[in-house]
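# Chains, contacts and geometry: an overview
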Amino acid sequence: MSEEAVKVITEEPSDASSRIEAEPSSGRSSRRSSRRSAERKPKKDQTIYGLGVLAIVIAVGVYLAAAISAVMGIFWVTGIAFGFILRRTNFCFTASMRDPIMTGSTSLTRAVLIAFAITSIGFAAIQYGAFTTGLPVPGMGFVVPISFATAAGAFMFGIGMVLAGGCASGTLMRIGEGYGMQLLSIVFFVLGSFWAARDMGWWTLNFISNGPRIHLPDVFGWGGAIFVQLLIIGLLYMAADKWENRKQDQES
Amino acid sequence: MAEYELDCLGEACPVPLVKTENKLKELAVGDTLIVIIDHSCALKNVPEWARKQNYDVEVEEIGDGEYEIFIDKTA
């Protein structure tokens, strides 16, 4: 064994992530790279493109807000922020459902659960605000009947998103990243959506509309609804945490 | 102390991980596997999986959106 390998092993007790940070001071070069990358041309500095894109984003945002409507401007900004965050955090709804099975990691699953909890509180606040002031409660159009069709559809979507390498948001984000393969995904995503939209009437009539429509505040009251929802999310979070550690104990 | 390369450019998320798992089974202890990926999701789950196996992992961005993951099969 070479000196290098011995060194790695002696450093081993510290966990992997802290090892990387400790690397530069430990004498061994952290800048290893394969033969391939040695032949590669150096990375281009993209700062100037980034600033250009930022300027265009702001200009379009201002135009949308001024010329079309403020809501369009908000959509533009939230959409871009959403994509940026998905990209920078490697957040992936597909991975959140797939990785617990494939790698035993639930970090993204828990991230999604936290996002659900925050959204639940936000939506409850908006809806309750409208309810107390006597306005029509927003979002009631999205309270759709729940039935076996929901579970069947979710299962099929799950298979599709794992094969395609991303759900809708993940696919769009990776196209923005310049990932060619997902262009293929989006084409078939759109085709599939067209087909579904074409037959939606029949499915709604025969299957979907038979299910009950449940808006939790009608069942538990406003406070109860948010409590029950957060309780379920909390239990799922604990289950995810347990799953991760259980897997780890098993393998090590 | 052999070094192996696994080219996963253009492969969507679960594929690099599955290939890495299979390839690492073939490797002897002490070997290094270099996985080359460009799917941002694999950037997360391949190192995470490998660290869970208690392998040494390093990630290097070698081009815009292209990464090399170095995995030392330590055990």
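Residues numbered from 1 in each chain as written. Chains lettered and ligands numbered in written order. Predicted model: local features only at pLDDT ≥ 70, side-chain atom pairs only at ≥ 80, totals over all residues.

## Section: helix H10 (residues 181-206) of chain A
Residue pairs three or four apart in sequence face the same way in an α-helix, which turns once every 3.6 residues. All names here are of chain A. In this model H10 runs 36 Å from its N-terminal to its C-terminal C-alpha over 26 residues, within 8% of the 38 Å that 1.5 Å per residue would give. For H10, the principal kink sits at Asp 199 and spans about 50°. H10 sits mainly on the outside: 2 of its 26 residues count as buried. (Helix = DSSP H or I, 4+ residues; strand = E, 2+ residues; numbered from the N terminus. Expected span 1.5 Å × (residues − 1). Bend = angle between axes of the 7 residues up to and from the residue. Buried ≥ 20, exposed ≤ 12 C-beta atoms within 10 Å, placed from the backbone.)

## Some points on the pairing of strand E4 (residues 66-72) of chain B
All names here are of chain B. Of all the 7 residues making up E4, 6 are buried; the element is thus mostly covered by neighbouring parts of the structure. Across 6 bridges, the pairing between strand E2 (residues 32-37) and E4 is antiparallel. Paired with Leu 33 across the bridge in E4 is Ile 71. By the bridge criterion, 7 bridges tie strand E3 (residues 56-63) to E4 in an arrangement that is antiparallel. Across the sheet, the residue bridging to Glu 60 is Glu 68, located in E4. What sits between E3 and E4 in their antiparallel hairpin is a turn of 2 residues, with Gly 65 showing a positive phi close to 75°. (Pairing = 2+ DSSP bridges.)

## Observations concerning the sheet that holds E2(B)
All names here are of chain B. Taken in spatial order, the 4 strands of this open sheet run E1-E2-E4-E3, and their pairing is mixed. For this open sheet the edge positions go to strand E1 (3-8) and E3, each flanked by a neighbour on one side alone. Ignoring strand direction, the axes of neighbouring strands in this sheet form an average angle of 20°. Packed onto the sheet, helix H1 (residues 14-26) meets E1, E2 and E4 and runs at close to 155° relative to E1. Contacting E1, E2, E3 and E4, helix H2 (residues 42-52) runs over the sheet at an angle of about 160° to E3. (Axes fitted to C-alpha atoms, helices over the stretch in contact; angles between N-to-C directions. Contact = placed C-beta atoms within 7 Å.)

## Quick word on the confidence of the model for chain B
Per-residue pLDDT for chain B averages 84, and the proportion of residues at 70 or more is 99%. Interface confidence for the predicted complex, expressed as ipTM, amounts to 0.73; the pTM equals 0.73. (pLDDT = per-residue confidence, 0-100.)

## Focus: the confidence of the model for chain A
Interpreting fine coordinate detail is not advised for predicted regions of low pLDDT. Residue and element names in this part refer to chain A. Confidence in the prediction for chain A averages 79 pLDDT; 81% of positions are at 70 or higher. For chain A, per-element mean pLDDT is lowest for helix H1 (residues 3-11), which scores 39, and highest for helix H4 (residues 47-68), which scores 92. In this model residues 1-31 is a low-confidence stretch, pLDDT under 50, and it forms 24 contacts with partners more than four residues away in sequence or in other chains.

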